[in-house]
Amino acid sequence: MTTPRAALLTLLLTLGAAPAAAQEKRPLDHTDFDTWNRIQNDVVSADGRWLVYRLVPGDGDAIMIVRSLNDERSLTIDRGARPEFTRDARYLIALVEPTEEAVDAAREKKRRDNAQPHDSLVVIDLSDLSVTRMADVDSFRLSEDDGSWVAYLLEAPAEDDDARESGEEEPEAEDEAHDKDEGTELVLRHLASSTEFRFRGVTAYRFSGDGANLYYTVSSEDGAADGAYRVEVESGVVTSLATGEGKYTQLVVDESGRRAAFLTNKDDWEDEQPSF
């Protein structure tokens, strides 16, 4: 039996064989290696009808190819990365990386991390290969039941580098023991209906195993919203698990999805060295 990966390799080798045979043989140099594509992130959907993979050159931007294994339909996404099919094989979710040129230009300007070019998110409806895009996305997770929901965390808004270069002073940092990383906006989106719920200041998030709940932690600028929370994905109703100014870290959810665990130092936050 021919596996999808074997079929993919055969297809690529066949496409490249004719031109190579027609050319006069010559020694290879580093420019040849730059044009060779490596296959990465090859994934087959749960129903066996779709294949996704990345072609990564030695130099330049990668492409992500989504290909039907039943017919001739295919879709190419420039710089697509970390693809994931929903369990019901109705959608494919992936990140889209910024161009190498944009990243190099930002690096030359020595821009801050949150002023660097950001990834975006693509949601591909496999019924018609239509694509929905969301900008400035840090990460995403799919619900683990049928994959009908996706949660994605947005990047922090870019700070004004021009103001920094003009000599504008930054606020003094707090002592390290009480220094917190402020969270960003989390979006919970139903893939079929596009219904969305949004939550501010989120630092970490996890779906329950049955996909019925999403757990997340919050770190806010003034500490008023700091805490751990659970949201029922169908209704958007939020329940507080623990609140109070402090750090909330290492969020985990058990397999049943009924219990979550995390560390917090909220009870000792006023101490000189708050402990977890």
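All residue numbers refer to positions counted from 1 along the written sequence of the respective chain. Only residues with pLDDT of at least 70 are given local features in this predicted model, and only at 80 or more are side-chain atom pairs given and counted; all residues enter the totals for whole chains, interfaces and linings. To obtain the side-chain values, all non-hydrogen atoms of the structure were included, while hydrogens and water were left out.

### Description of the sheet that holds strand E11 (residues 184-190)
Next, step 1: Across the sheet, which stays open at both edges, the seven strands sit in the order E9-E10-E11-E12-E13-E14-E15 with antiparallel pairing between neighbours. Since the sheet does not close on itself, it has two edges, and those belong to strand E9 (137-142) and strand E15 (238-243), each with one partner. Here the average twist between neighbouring strands, direction ignored, is 40°.
Next, step 2: Summarising the sheet, E11 and strand E12 (residues 196-207) pair through five bridges and their orientation is antiparallel. Residue pairing across strands places Leu188 opposite Phe197, the latter belonging to E12. Between any two strands, pairing holds if DSSP finds at least two bridges. Secondary structure elements are defined from DSSP: runs of H or I of at least 4 residues count as helices, runs of E of at least 2 residues count as strands, and each element is numbered from the N terminus. Orientation is described by axes fitted as lines to C-alpha atoms, over the contacting stretch for helices, and by angles from 0 to 180 degrees between their N-to-C directions.

### Some details on the nonpolar core
Next, step 1: Throughout, nonpolar core names a set of buried Ala, Val, Leu, Ile, Met, Phe, Trp, Tyr and Cys residues whose side chains join them through atoms within 4.5 Å. Per-residue accessibility, obtained with a 1.4 Å probe over protein chains only, is compared with the maximum for each type, and a residue is labelled buried under 20%, exposed over 50%, and partly exposed between these values. Grouped together as the largest cluster of nonpolar side chains are 16 residues, with contacts concentrated most on Leu186, Leu188, Phe199, Leu214 and Tyr216.
Next, step 2: Looking at this core, the elements that each hand over two or more residues are strand E10 (149-154), E11, E12, strand E13 (213-218) and strand E14 (227-232).
Next, step 3: Examining the composition of this core, we find that five residues originate from one element, E12, more than from any other.
Next, step 4: Should any heavy atoms of two residues lie within 4.5 Å, those residues are considered in contact. Excluding anything up to four places from it in sequence, Leu214 contacts Ala151, Leu186, Leu188, Tyr205, Arg206, Phe207, Tyr229, Arg230, Val231 and Val233.

### Side note on the environment of Tyr215
Next, step 1: Among the secondary structure elements, Tyr215 is positioned in strand E13.
Next, step 2: Residues Tyr215 and Val252, spaced 37 residues apart in sequence, show a C-alpha to C-alpha distance of 8.7 Å.

### Details of the pairing of strand E1 (residues 37-44)
Next, step 1: Inspection of the sheet shows E1 paired to strand E2 (residues 50-57) by six bridges, in the antiparallel sense. Bridge pairing in E2 links Arg38 to Val56.
Next, step 2: Where E1 hands over to E2, the hairpin turn is made up of five residues, of which Gly48 adopts a positive phi near 75°.

### Topic: a negative patch on the surface
Next, step 1: Negative charge collects at one region of the surface, where Asp175, Glu176, Asp179, Asp181, Glu182, Glu221, Asp222, Glu245, Glu270, Asp271 and Glu272 lie side by side.
Next, step 2: Mapped onto the fold, Asp181 is located in the loop between helix H4 (161-165) and E11. Within the patch definition used here, like charges are joined within 9 Å and nonpolar side chains (Val, Leu, Ile, Met, Phe, Trp, Tyr) within 5 Å, considering only residues with over 30% relative accessible area and no salt bridge. Per-residue accessibility takes into account occlusion by the displayed protein chains alone, with areas from the Shrake-Rupley method and a 1.4 Å probe. Here a salt bridge means any side-chain nitrogen of Lys or Arg lying within 4 Å of a carboxyl oxygen belonging to Asp or Glu. In this tally Asp and Glu are treated as negative and Lys and Arg as positive; neither His nor the chain ends contributes. All charge positions are set by atom: Lys at NZ, Arg at CZ, Asp at CG, Glu at CD.

### Some remarks on the side chain of Ser220
Next, step 1: Its place among the elements puts Ser220 in the loop between E13 and E14.
Next, step 2: Among the residues examined, Ser220 registers a relative accessible area of 13% and is labelled buried.
Next, step 3: The contacts of Ser220, once residues within four sequence positions are left out, are Lys180, Glu182, Ala225 and Asp226.

### Describing the sheet that holds strand E5 (residues 80-85)
Next, step 1: Within the open sheet, the four strands sit side by side as E5-E6-E7-E8. Their pairing is antiparallel. Only two strands of the sheet have a single neighbouring strand rather than two, namely E5 and strand E8 (130-134). For this sheet, the mean angle separating the axes of adjacent strands, direction not counted, is 20°.
Next, step 2: Examined bridge by bridge, strand E6 (residues 91-96) and strand E7 (residues 120-125) share six bridges and lie antiparallel to one another.

### Remarks on the side chain of Thr217
Next, step 1: Tracing the backbone shows Thr217 in strand E13.
Next, step 2: Residue class for Thr217 comes out buried when judged on its relative accessible area of 0%.
Next, step 3: Separated by 2.7 Å, the side chains of Thr217 and Thr203 make a polar contact.
Next, step 4: Sequence-distant contacts of Thr217, defined by excluding residues within four places in its chain, comprise Gly201, Val202, Thr203, Ala204, Gly227, Ala228, Tyr248 and Leu251. Polar contact is the term for a pair of N or O atoms within 3.5 Å; when the atoms are in protein, one must be able to donate a hydrogen and the other to accept it, and sequence-neighboring residues count only if both atoms are side-chain atoms.

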